[in-house]
Amino acid sequence: MRLLLVEDTPELAHSVLHFLRSEGHAVDHAPDAATAAAAMAVADYACVILDLGLPDGSGLEVLKARRKAGDRTPVLIATARDQISDRIAGLDAGADDYVVKPFDLRELSARIRANARRGQGIPETRVTVGGLEVDRAAARLWRAGDEIRLTAREWALFDALLGARGRVLPKSALEEALFTFDDAVEGNAVEVYVSRLRQKLGSEVIETRRGLGYILP
Ligand code: CA
């Protein structure tokens, strides 16, 4: 899924980015409040991980401004252990959840997935679609009890379609879910991944709506 990490400490940002990208997420990085506000204004993120102490201001102000603008993107604030008042202020400003630094990367990842699912209105983790049993929390799926293994990018595409189940997703929305601002995107990248998914999952699972996009019916 497409994520935004707002974090100004280079080492921490590096390790979080590395971990989340290894899980197949397309993650943008904003090292300051201005970049974070600009990125949130133009991209549709599944979840934002927001540090509060930033060099040019507070993440809290970014959050307040986005909420005021009607932005409902799930936001997970990252706060220091002793900053309980920060956590309260963040939740009051419209944050959906928080993690306490130093956080475990696997816990961060699980909280991101949970908040993204809630943001899509699909809080449950086990779903059945097109004869497939899917565990979105574990990023695994089965057909008739046999596990089908997907690469990280294949899963990212499938999960984006699953999050929009029953709605047509335009190719541009899938590109946005799969790639960051910094990725060089081949014009047919989405078609390539859809085709690989159909080979693994069965051709009927993803439908093409010509001129409109793709849908998981
Ligand atoms: Ca900071």
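As the structure is a computational prediction, the values presented were derived from the model and not from experiment. (Residues numbered from 1 in each chain as written. Predicted model: local features only at pLDDT ≥ 70, side-chain atom pairs only at ≥ 80, totals over all residues. Heavy atoms only, no water.)

Our focus in this paragraph is the sheet that holds strand S1 (residues 2-6). In space, the 5 strands of this open sheet follow the order S2-S1-S3-S6-S7, with parallel pairing throughout. With one partner strand each, in any of the chains shown, strand S2 (26-30) and strand S7 (97-101) form the two edges of the open sheet. Across the sheet, the mean angle from the axis of one strand to that of its neighbour is 20 degrees, orientation sign disregarded. The sheet contact formed by S1 and strand S3 (residues 47-51) spans 4 bridges and is parallel. Looking across to S3, one finds that Leu3 is bridged to Cys47. The sheet contacts of helix H1 (residues 10-22) involve S1, S2, S3 and S7, and relative to S2 the element is tilted by about 165 degrees. (Pairing = 2+ DSSP bridges. Helix = DSSP H or I, 4+ residues; strand = E, 2+ residues; numbered from the N terminus. Axes fitted to C-alpha atoms, helices over the stretch in contact; angles between N-to-C directions. Contact = heavy atoms within 4.5 Å.)

Once that is clear, we can look at the domain arrangement of the chain. Bring the parts together and some accessible area is lost; that lost area is often taken as the interface size. By domain assignment, the chain separates into domain 1 (2-120) and domain 2 (126-215). Here domain 1 and domain 2 have C-alpha centroids that lie 25 Å from each other. Residue-level contacts link 15 residues of domain 1 with 11 residues of domain 2. Across the interface of domain 1 and domain 2, roughly 1100 Å² is buried in total on both sides, 48% from carbon and sulfur atoms. Area buried by domain 1 at its contact with domain 2 is led by Arg2, Arg117 and Gln120, which between them contribute 43% of it. Run the count over domain 1 and domain 2 and you get 0 salt bridges. Counting across the interface, domain 1 meets domain 2 through 7 residue pairs in polar contact (both at pLDDT 80 or more). Those elements that place two or more of their residues in the side of domain 1 that touches domain 2 are S2, helix H2 (33-42) and helix H5 (105-119). Taken together, the residues of the side of domain 1 that touches domain 2 sort by class into 6 nonpolar, 3 polar and 6 charged. (Domains from an automatic or database assignment. Buried area = accessible area lost by both parts, 1.4 Å probe. Salt bridge = Lys/Arg side-chain N within 4 Å of Asp/Glu carboxyl O. Polar contact = N/O pair within 3.5 Å; in protein donor to acceptor, adjacent residues only side chain to side chain. Nonpolar A, V, L, I, M, F, W, Y, C, P; charged D, E, K, R; others polar.)

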